[in-house]
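Here are the chains, one letter per residue:
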Amino acid sequence: LTWHFRVHYDRLEISILRGWDNAQYGYGFLEVGSQFESDGRVLPFSLDFDVVAHEVGHAIIFSVLGVPHPEAEYPEYLGFQEAFSDCVSLIAAMHFPSVIDNVLAETRGNLYRANRLSRFSEFSPHRQIRSANNKRTMAEFARRGWKDEHELSQPLTGAIFDILVDIFHESLVARGLISHAVEDLADVAEFDPAAEAPVQHAFDRAFARNSDGFVEALLDARDIV
């Protein structure tokens, strides 16, 4: 990765601003503040992997795609920026064995259950938390307009999360860890609550038989995405 600001600076400056309640990436700098809890605790974003990875995601976009002309910064571009950066955080977190182990222990491979991978903790001034596992579509914004690029990012992030899960399921089928019928039922369960319990039961049994195979399948899906 070559920094997009290389013409003027030879390295990225990182500033820890303890009293600021946000984080941002800019031309040659990354600034991280803190999260302020109601009980008085101050939690530094510099220790929050999601926040740092998300901001570095913005740097990757500028380095790979370049910097758009200010008049070309349409809402869709801003939404893409936020979605891409969330996905950088998602994929980067999946390189920690502890994250993979935790997610599979929680879900037994049924990734549509609430889990560590599907939640992001990049906090704006109004402390937003976004979910990769969401059903939002661009049609919502066509009807009621656009106000926040973090919201506008969610359809794309959700689509990429669905792709990750689908590739994971295909890998499980290819390894003989789940059947095509279970894979099809998992797709149904995303929209039909009645199918959730049978799907979880099937994944519980399959995971108990070969948990190492589930880890390999999830890592393959990560690398493909």
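What comes next concerns the included structure. Only a predicted model underlies this, so the values are computations on that prediction, with no experimental measurement involved. (Residues numbered from 1 in each chain as written. Predicted model: local features only at pLDDT ≥ 70, side-chain atom pairs only at ≥ 80, totals over all residues. Heavy atoms only, no water.)

With respect to the overall build of the protein chain
Alright, step 1. Across its full length, the protein chain carries nine helices and seven strands.
Alright, step 2. Against the 2.2 N^0.38 benchmark of 17 Å for 225 residues, the protein chain shows a C-alpha radius of gyration of 19 Å, consistent with a compact globule.
Alright, step 3. Taking all 225 residues of the protein chain together, the buried fraction comes to 46%.
Alright, step 4. Considering only contacts in the protein chain between residues 6 or more positions apart, those separated by 24 or more positions represent 52%. (Helix = DSSP H or I, 4+ residues; strand = E, 2+ residues; numbered from the N terminus. Rg over C-alpha atoms; globule rule 2.2 N^0.38 Å. Buried < 20%, exposed > 50% of the residue type's maximum accessible area, 1.4 Å probe, protein only. Contact = heavy atoms within 4.5 Å.)

Description of unusual backbone geometry
Alright, step 1. Unlike most non-glycine residues, Arg108 shows phi in positive territory, near 55°.
Alright, step 2. Within the secondary structure, Arg108 sits in the loop between helix 3 (97-107) and strand 6 (119-120).
Alright, step 3. Residue Arg108 is classed as partly exposed on the basis of its relative accessible area, which comes to 32%.

Overview of the environment of Phe96
Alright, step 1. Tracing the chain through its elements places Phe96 in the loop between helix 2 (75-93) and helix 3.
Alright, step 2. Of the residues examined, Phe96 reaches a relative accessible area of 39% and is grouped as partly exposed.
Alright, step 3. Each C-alpha atom of the pair Phe96 and Arg108 lies 17 Å from the other, and the pair is twelve residues apart in sequence.

Regarding the pattern of salt bridges
Alright, step 1. The tally for this structure, following the rule as stated, stands at eleven salt bridges.
Alright, step 2. Residue Arg41 pairs with Glu37 through a salt bridge whose shortest N-O separation is 3.4 Å.
Alright, step 3. Between Glu151 and Arg144 there is a salt bridge, and its shortest N-O distance comes to 3.7 Å.
Alright, step 4. When salt bridges with common partners are traced through the structure, they connect Arg136, Glu140, Arg144 and Glu151 into a single cluster. (Salt bridge = Lys/Arg side-chain N within 4 Å of Asp/Glu carboxyl O.)

Details of the pairing of strand 3 (residues 29-32)
One face of the sheet, then the other: side chains in a regular strand alternate in exactly this way.
Alright, step 1. Of the strand pairs in this sheet, strand 1 (residues 13-16) and strand 3 are connected by four bridges, and their pairing is parallel. Considered in strand 3, the bridge of Glu13 is made with Phe29.
Alright, step 2. Here strand 2 (residues 23-26) pairs with strand 3 via four bridges, running antiparallel. When the sheet's bridge partners are listed, Ala23 is paired in strand 3 with Val32.
Alright, step 3. Where strand 2 hands over to strand 3, the hairpin turn is made up of two residues, of which Gly28 adopts a positive phi near 90°. (Pairing = 2+ DSSP bridges.)

Quick notes on the environment of Leu156
Alright, step 1. When you line up the elements, Leu156 lands in helix 6 (residues 154-174).
Alright, step 2. For the pair Leu156 and Phe84, spaced 72 residues apart in the sequence, the C-alpha separation amounts to 8.4 Å.
Alright, step 3. Setting aside residues no more than four positions away along its own chain, Leu156 makes contact with Phe80 and Ala83.

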